[in-house]
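Fold and contact review
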Amino acid sequence: MNAARTNRKTSPQSLASPGAAEETDDRFPIVGIGASAGGLSAFEAFFSGMPADSDPGMAFVLVQHLAPDHKSILADLIRRYTRMQVFEVKDGMPVQVNCAYIIPPNHDMAFLNGTLQLLEPSEPRGRRLPIDFFFRSLAQDLHQRAIGIVLSGTGSDGTLGVRAIKGEAGMVMAQSPETTEFDGMPRSAIATGLVDWELPPAAMPAQLIAYVAHAFGTPSVLLNAQVPTNENALKKIFILLRAQTGHDLSQYKPSTINRRIWRRMAVHQIDSIDAYVRYLQKTPYEVDALFRDLLIGVTSFFRDPHAFQILEEQVIPQIFDNHPPGSVIRVWSTGCSTGEEAYSIAILLQERMEALLQGWTLQVFASDIDRHAIAAARAAVYPASIAADLSPQRLARFFTADADGNNYRVNKSIRDLLVFSEQDLLRDPPFSRLDLISCRNLLIYLGADLQKSLVPLFHYALNPYGILFLGTSESVGGYLDLFSVLDRQAKIYQRRDDFAGKQFAAMRRFLPPPTANPRNSAKAALPAKRPLREVAEQALLEQIGVAAALVNGQGDIFYLHGRTGSYLEPAPGEAGINNILRMAREGLQVELGMALAKAATSHQVVRVSGLRVKTNDHFSWVRLSVGPVTGGTGVTPASPPYLVTFEGTPALDPEATDLPVAGVADTEVDPDARIAALTVELRAKDEYLQSTREELETANEELKSSNEEMQSVNEELQSTNEELETSKEELQSVNEELATVNAELNTKVLDLSRANNDMNNLLAGTGIATVFVDHCLRILRFTPSASQIINLIPSDVGRAVGHIVSNLVGYDRLVDDVQDVLDTLAFKEAQVRSTAGRWYTMNIRPYRTLDNVIEGAVITFFDITEMRRNEGALAKEQQSLRLAVVVRDAFDAITVHDLEGRIIAWNPAAVRIYGWSEAEALQLNVRDRIPPPLRDDAKLLLRELGQEKISEPYHTPRLTRSGAVLDVLVTTTALLDASGQIYAMATTERVCDAQAFASGGK
């Protein structure tokens, strides 16, 4: 069984007062917020999410990795986003509620008794872990009032601090990795499985305030000692835990159970334990979360340095001195959590063995009931923050940093010494023949009854003079007869011999179940569930007797009833299992053994009368009865217990008349009767000896056969083990190499995939038709728009480009031009037109690799249709501009009118000649400029001219604005629309009478 591996100094709580805390109610929670790279934006988002109209009721301490030689402006930036007062910490500054505190550059910071203490960094710049340092101090000082938040950052700083806070029943949040700029720190914290919420920074304040209000409000769920406890609800929680995890935690210390349950209730804002039971029933994940909370493994490498120093300097040398070179040294680390302590002991053993320059076989067994912790221990990967707990020499010698420096992995030479297993101390059999057991900070979380059963268990598992290594707050209790104290402060004990048989009592629950052969187990017939006293007394009620013993088929005593001293006495020698045959007094041993054997064979009650038993210096007459106990719960018919009763009888036993009395003096009995009695006794002893001899021979043959089989199996297993060890090392080496190659290939695949996606999107996004061909002019790749120019489909990849029908008009030199480019490496360009009427600029260039190797050609088509259209329109426009200049600067009057005669154009010369301005002229009709008598003829003439494109010049009179008549020479030209139809007439009018022109223009 695992326990929260930390030494709490709080007063224990009772189940009757859940969550009773050691702090007073005026203490407020303090939130430590750790960040590194990308932390500024996370801080801004966090404080932007704080309520603008109320105080949070807690204090905030911000710890960020800052440049040691650069003044921080973080405090000024945070003030923009919060109504709270923000301070840069000064040494010894007290922490006040509703305030925020910023760590100054080039300092470590700790929390002690309500104040912030600044320390000069003890580690070089690259190895500083200020977040872990502060979180640990916060947890040790505030316990469940400590709250830790891990925001964006690289590395793993904060991970060990998260463990410390959770170990003290605090609460932990981490920024959801997808919202971070750098997700190293949040992911490392989340990987511990101890984070209560994964949220974006902006969503954290609301959840944080809700948690604090529920956990530390008035009345506080965690602090109110008057909250009633429902014992039945607690039992239901234990049942749910046992059903889902397979482990019974009902005998955990009430204070630990109570504190963790109420903390989980505070996390989910659940007010009653009955409601929490219903929540557990509906949410299996919460059962696992509660189980992990109960088993939080707060540990570290070489924790409690003084204790490990004693272990290194005194205990481990003694262990090696007691073992000759080449022998096996076995160590067991119980409740190992994530393995730091087990690896620490293995490092000490390895260092000692190397210092002695001789070889031993080192075996370190590490067990825990938390499968997640065991998996982490087997992986042997720890955050870079463990550098604070290890000397630089040990870190460099026994650990290897990963590529990014965020984690360390224990070297294979140490990993191979350890065997990790999931094991429950209270249920599973222990390891045996051990030289050292490390059980640190586990017993303090178990009830007194469990502690009393574990200490003898450890005594049983240890070799003579083996070492028991406990936590600083633990001891062997009342078992100083089993262990002697080696170092009281370090809590190191040495095994003594067990003269009282206590280790057997501790091991009774691990003995194998009853078998058909009662020889296989000394306790084979022990009732498993029914109290022994009840079994014995119930059987005694059915018989008459004042002294009795309940034994198994071999005579091992389970229970004694009444005054049995007249019939039994302790046997000399080492005290162990009490056997009735060895304890039987003179005159009783043989008959008792025979009666027990007959009762076991016949399954019937066997009675023997007239036994003369010597007690001290006198003899007494005894009637003996031996019979199986077949009733009661837990009693198996195959190997039942046996009830042996002793009844004193008068000197002349009425029931002894049918049998000569054994042991009577010659003076009291007739010689013939005496001879007959001795003959009967001798015959019985011969039968008993013969039966015993046959059983012994049979047992010897079975043992011999079993021994030969075991030797054969052992040789095979040794051979197989050697092969497996060799294969394991080879596979491990190959696996590491494959892992490295696989990582490199994965990186390359990702790069190639990203580059391929970028190129596809680039080519498709530009809309440029592109075709890639190789040296043989086979198509390698093409963009979607290329299929509009050359009839390409996906299956054409690999075909020669000359085999594909193109949609180009008047261009059939594609293959030749591509081949010329490949031969000459000269760039080619041409303008081509498709059958759809679109124009393209075709470029053919060599395809060059990054190594400047030619591997084909690239054909691109740029759509210039719009450009060609614009060029045509521009040419027409320029032509129109040139004509407009001619019209504007012409000496003759140039006008344009439609087929109805309405004037639609009037040049400056027309203004000079006729006197109407352009605006006035656009309101006129051609007939308005012809003298009235000639208007009908002019109308007919206009109709005739409208049927010709260009007419011959003709003379005609025209009126000026003043009414004068001018003789003008008119040339008429028809204007055509896009369909070739005449839509207007343009006239050029030259004045023939200059004098009239001069007078008309005035």
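Given the structure is predicted, the values throughout are model-derived calculations rather than measurements.

What counts and what doesn't
- Residues numbered from 1 in each chain as written.
- Predicted model: local features only at pLDDT ≥ 70, side-chain atom pairs only at ≥ 80, totals over all residues.
- Heavy atoms only, no water.
- Helix = DSSP H or I, 4+ residues; strand = E, 2+ residues; numbered from the N terminus.
- Buried < 20%, exposed > 50% of the residue type's maximum accessible area, 1.4 Å probe, protein only.
- Contact = heavy atoms within 4.5 Å.
- Areas by Shrake-Rupley, 256 points an atom, 1.4 Å probe, with all protein chains shown as cover.
- Salt bridge = Lys/Arg side-chain N within 4 Å of Asp/Glu carboxyl O.
- Core = buried A, V, L, I, M, F, W, Y, C linked by side-chain atoms within 4.5 Å.
- Expected span 1.5 Å × (residues − 1).
- Arc of directions from axis to C-beta.
- Pairing = 2+ DSSP bridges.
- Axes fitted to C-alpha atoms, helices over the stretch in contact; angles between N-to-C directions.
- Phe/Tyr/Trp six-rings, centres within 6.5 Å; stacked < 30°, edge-to-face > 60°.
- Patch = residues over 30% accessible without salt bridge, like charges linked within 9 Å, V, L, I, M, F, W, Y side chains within 5 Å.
- Lys, Arg positive; Asp, Glu negative; His and termini not counted.
- Charge placed at Lys NZ, Arg CZ, Asp CG, Glu CD.
- Parallel < 35°, antiparallel > 145°, perpendicular 65-115°, else oblique.
- Left-handed = near helix turned anticlockwise from the far one by under 90°.
- Nonpolar A, V, L, I, M, F, W, Y, C, P; charged D, E, K, R; others polar.
- Right-handed = clockwise from strand over helix to strand, strands pointing away.
- pLDDT = per-residue confidence, 0-100.

Examining the overall build of the protein
Tallying secondary structure elements over the protein gives 27 helices and 36 strands in all. Every one of the 1002 residues in the protein was classed for burial, and the buried ones make up 46%. A sequence separation of at least 24 residues applies to 64% of the contacts in the protein between residues at least 6 apart. Carbon and sulfur atoms provide 53% of the accessible area of the protein, an area that totals close to 50,100 Å².

Thoughts on the pattern of salt bridges
The final tally for this structure, using the stated rule, is 27 salt bridges. Among the ionic pairs, arginine 264 bridges to aspartate 196, the shortest N-O distance being 3.1 Å. Of this pair, arginine 264 sits in helix H8 (residues 254-267) while aspartate 196 sits in the loop between helix H5 (184-190) and strand S10 (197-199), and the two are 68 residues apart along the sequence. Given the relative accessible area of 6%, arginine 264 is considered buried. For arginine 838, the salt bridge goes to aspartate 863, with nearest N and O atoms at 3.0 Å. Residue arginine 838 is located in the loop between strand S29 (828-834) and strand S30 (839-848), and its partner aspartate 863 is located in strand S31 (residues 854-863); the two are separated by 25 residues in the primary sequence. Looking at arginine 838, the relative accessible area reads 34%, which means it is partly exposed.

Here we look at the nonpolar core
With 49 residues, the main nonpolar core has Ile237, Leu241, Phe458, Leu468 and Phe483 as its most contacted residues. Sorting the residues of this core by element identifies helix H7 (231-245), H8, helix H9 (273-282), helix H10 (284-294), strand S17 (434-439), helix H16 (448-461) and strand S18 (462-470) as the ones contributing at least two each. Considering every element that reaches this core, the biggest residue donor is H16, with 6 residues. Residues in contact with phenylalanine 483, not counting those within four places in the same chain, are Val455, Phe458, His459, Leu462, Leu468, Val476, Tyr493, Gln494, Arg495 and Arg496. Membership of the second largest hydrophobic core comes to 48 residues, among which are Ala346, Val364, Ile374 and Ile492.

Points about H7
Between its terminal C-alpha atoms H7 stretches 21 Å, which fits the 21 Å expected from 15 residues at 1.5 Å a residue. The set of residues buried in H7 consists of Ala233, Leu234, Ile237, Phe238, Leu241 and Thr245. Around the axis of H7, the buried residues are gathered within 145 degrees of arc, so they sit on the same side. In H7, the exposed residues that point more than 90 degrees away from the buried face are Lys235 and Ala243. Next to the buried residues of H7 lie H8, H9 and H10. In the segment just after H7, glycine 246 is the residue with positive phi, at about 85 degrees.

Some words on the sheet that holds strand S7 (residues 115-119)
Taken in spatial order, the 3 strands line up as S4-S7-S6 in an open sheet, and their pairing is antiparallel. Each end of this open sheet is capped by a strand with a single partner; those strands are strand S4 (93-94) and strand S6 (108-112). Examined bridge by bridge, S6 and S7 share 5 bridges and lie antiparallel to one another. Residue leucine 112 lies in a different strand from S7, and its bridge partner there is threonine 115. Packed on one face of the sheet, helix H3 (residues 130-142) meets S6 and S7 and runs near 5 degrees to S6.

Overview of the packing of aromatic side chains
The description of two aromatic rings rests on the distance between their centres and on the angle between their planes. This model, assessed by the stated rule, comprises 19 aromatic pairs. An angle of 85 degrees between the planes, with centres 5.9 Å apart, marks the rings of phenylalanine 772 and tyrosine 847 as edge-to-face. Here the residue phenylalanine 772 occupies a position in strand S26 (residues 769-773), and tyrosine 847 occupies one in strand S30, the gap between them amounting to 75 residues. In this structure phenylalanine 772 comes out as buried when scored by relative accessible area, which is 12%. A relative accessible area of 34% places tyrosine 847 in the partly exposed class. Aromatic side chains tryptophan 906 and tyrosine 914 sit 5.8 Å apart centroid to centroid with 45 degrees between the ring planes, which places their arrangement in the tilted category. Given a relative accessible area of 5%, tryptophan 906 falls into the buried group. Note on tyrosine 914: relative accessible area 0%, which makes it buried.

Here we look at the side chain of glutamate 351
If you trace the backbone, glutamate 351 turns up in helix H12 (residues 340-356). Not counting residues within four places of it along the chain, the set of residues in contact with glutamate 351 comprises Glu312, Arg394, Arg397 and Phe398.

Here's the deal with the sheet that holds strand S14 (residues 399-401)
Taken in spatial order, the 3 strands of this open sheet run S13-S15-S14, and their pairing is antiparallel. What marks the edges here is a single partner per strand, and that holds for strand S13 (381-383) and S14. Here the average twist between neighbouring strands, direction ignored, is 35 degrees. Inspection of the sheet shows S14 paired to strand S15 (residues 407-410) by 3 bridges, in the antiparallel sense. Its bridge partner lying in S15, threonine 400 is registered against arginine 409.

Considering a negative patch on the surface
Taken together, the side chains of Glu694, Glu697, Glu701 and Glu702 define an acidic patch exposed on the protein surface. By the element assignment, glutamate 694 lies in helix H21 (residues 671-766). Accessibility expressed as a relative area gives 43% for glutamate 694, which makes it partly exposed.

Here's the deal with the environment of glutamate 178
Among the secondary structure elements, glutamate 178 is positioned in the loop between strand S9 (171-175) and H5. Taking the relative accessible area as the measure of exposure, glutamate 178 reaches 66% and is therefore exposed.

Structural notes on unusual backbone geometry
A positive phi angle is found at histidine 143, which is not glycine, with a value near 60 degrees. Here histidine 143 is to be found in the loop between H3 and strand S8 (146-150). A positive phi angle is found at phenylalanine 302, which is not glycine, with a value near 50 degrees. Tracing the backbone through its elements, the reader meets phenylalanine 302 in the loop between H10 and helix H11 (305-321). The exposure class of phenylalanine 302 is buried, given its relative accessible area of 10%.

Looking at the side chain of glutamine 350
Relative to the helices and strands, glutamine 350 resides in helix H12. Apart from the residues within four sequence positions on either side, glutamine 350 is in contact with Leu362, Phe398, Ile414 and Leu417.

Focus on the packing of H11 against H12
Packing of H11 against H12 leaves a shortest axis separation of 10 Å and a crossing angle of 55 degrees. On the basis of the axis angle, H11 is oblique to H12. For the element pair H11 and H12, the recorded crossing hand is right-handed. Side by side, H11 and H12 meet where Phe308, Leu311, Glu312, Ile316, Pro317 and Phe320 of the first sit next to Glu341, Ser344, Ile345, Leu348, Leu349, Glu351, Arg352, Met353 and Leu356 of the second. Split by residue class, the contact of H11 with H12 holds 10 nonpolar, 1 polar and 4 charged.

As for the pairing of S18
Here S17 pairs with S18 via 5 bridges, running parallel. Within S18, the residue paired with isoleucine 437 across the bridge is leucine 468. Taken together, S17, H16 and S18 form a β-α-β motif whose crossover is right-handed. Sheet analysis places S18 next to strand S20 (residues 492-495), joined by 3 bridges and oriented antiparallel. Looking at the pairing, isoleucine 467 lines up with glutamine 494 of S20.

A few points about the packing of H7 against H10
Two numbers describe how H7 lies on H10: the axes approach to 10 Å, and their chain directions differ by 100 degrees. What the angle tells us is that H7 and H10 run roughly perpendicular. Taken together, the residues of H10 that come into contact with H7 (itself represented by Ile237, Leu240, Leu241, Gln244 and Thr245) are Pro284, Val287, Asp288, Leu290, Phe291 and Leu294. A breakdown of the residues in the contact of H7 with H10 according to their chemical character gives 8 nonpolar, 2 polar and 1 charged.

Quick notes on the environment of glycine 193
Within the secondary structure layout, glycine 193 lies in the loop between H5 and S10. Separated by 99 residues in sequence, glycine 193 and arginine 292 have C-alpha atoms that sit 8.1 Å apart.

Some points on the confidence of the model for the protein
The share of residues in the protein with pLDDT of 70 or more is 82%, and the mean pLDDT across the chain is 78. No element of the protein has a lower mean pLDDT than helix H27 (residues 994-1000), which averages 45, and none a higher one than S8, which averages 93. Counting contacts from residues 653-667, a segment whose pLDDT is below 50, to residues more than four positions away or on other chains yields 26 contacts. Across residues 995-1002, confidence stays below pLDDT 50; counting only partners more than four residues off in sequence or on other chains, it has 14 contacts.

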